[in-house]
Amino acid sequence: MKASAETIMKILLEAVAIPSVTGEAENALPEFLMKKLSVWDYFKENPENIWLEPLKGDPLQRVNFCALVRARPATSRTILLISHHDVVPVDVCKGVPASPFDPPEYTEALKQYEIDEVAREDLLSGEWLAGRGVSDMKGGMAVQLALLAEYASAPETPQANLLLM
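Residues numbered from 1 in each chain as written. Predicted model: local features only at pLDDT ≥ 70, side-chain atom pairs only at ≥ 80, totals over all residues. Heavy atoms only, no water.

A. Expanded view of the nonpolar core. In this structure, Leu37, Trp40, Phe43, Phe65, Leu145 and Leu148 are the most contacted members of the largest nonpolar core, which totals 27 residues. Going through the elements one at a time, α1 (5-16), α2 (28-38), α3 (41-45), β2 (63-69), α6 (138-152) and β4 (161-164) are the ones with two or more residues in this core. In terms of residue count, the dominant contributor to this core is α6 (seven residues). The residues contacting Trp40, other than those within four sequence positions of it, are Leu145, Leu148, Ala149 and Ala152. With eight residues, the next largest nonpolar core counts Ala98, Tyr106, Ala109 and Ala130 among its residues. (Core = buried A, V, L, I, M, F, W, Y, C linked by side-chain atoms within 4.5 Å. Buried < 20%, exposed > 50% of the residue type's maximum accessible area, 1.4 Å probe, protein only. Helix = DSSP H or I, 4+ residues; strand = E, 2+ residues; numbered from the N terminus. Contact = heavy atoms within 4.5 Å.)

B. Structural detail: the pattern of salt bridges. Counted by the stated rule, this structure contains five salt bridges. Note that Glu14 and Lys10 form a salt bridge whose closest N and O atoms lie 2.9 Å from each other. In this pair, Glu14 and Lys10 both sit in helix α1, four residues apart, roughly one turn of the helix. With a relative accessible area of 48%, Lys10 lands in the partly exposed category. Linked through salt bridges whose partners overlap, the residues forming this network are Lys10, Glu14 and Lys36. (Salt bridge = Lys/Arg side-chain N within 4 Å of Asp/Glu carboxyl O.)

C. Main features of the packing of aromatic side chains. Applying the stated criterion across every chain, the model contains two aromatic pairs. Here the aromatic rings of Trp40 and Phe43 are separated by 5.8 Å at their centres, their planes lie at 35 degrees, and the arrangement is tilted. The exposure classification of Trp40 matches that of Phe43, with both residues buried. With centroids separated by 5.1 Å and ring planes inclined at 90 degrees, the aromatic side chains of Tyr42 and Phe43 adopt a geometry described as edge-to-face. Counting every residue linked through ring pairs, the aromatic cluster contains Trp40, Tyr42 and Phe43. (Phe/Tyr/Trp six-rings, centres within 6.5 Å; stacked < 30°, edge-to-face > 60°.)

D. Quick look at the packing of α2 against α6. Contact geometry of α2 with α6 gives a least axis separation of 13 Å together with a crossing angle of 20 degrees. Put simply, α2 runs roughly parallel to α6. Crossing of α2 against α6: the hand is right-handed. For the pair α2 and α6, contact is made by Leu29, Leu33 and Leu37 and by Lys138, Met141, Leu145 and Leu148, respectively. (Axes fitted to C-alpha atoms, helices over the stretch in contact; angles between N-to-C directions. Parallel < 35°, antiparallel > 145°, perpendicular 65-115°, else oblique. Left-handed = near helix turned anticlockwise from the far one by under 90°.)

Here you go:
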């Protein structure tokens, strides 16, 4: 898989569609990632390199998603890719006739609201998406997943291991 804009956008929209509001069903996204990545050839061949790590002492029983692509030839050098997937509550989105977990629809719906002139120009440019987690941090995570997929398909390419957490 190439880390193309289309691949990144597809991953982003899938991730944002999962409403991982802080303190509410945050484990839904790590579980989705486990299912999504476990079918990759690399992780079928190396199932020990993908796991959910429980947060010790967490009353909400949240987990971290971890995926490791080991470089070939073997090396101890490792690049750590860190992201988070929880998003702030959607209370402030009340009244907008679209879900903040559907970025294309939500972005379009925001166009009918009176907002700051600079923000409106950005919104109307077609270059921006609005929605929970689009820019913090599911967008970054989508880029990291696309990069991880690219390296997993050719582990002899990187000069270091990649660990996504």
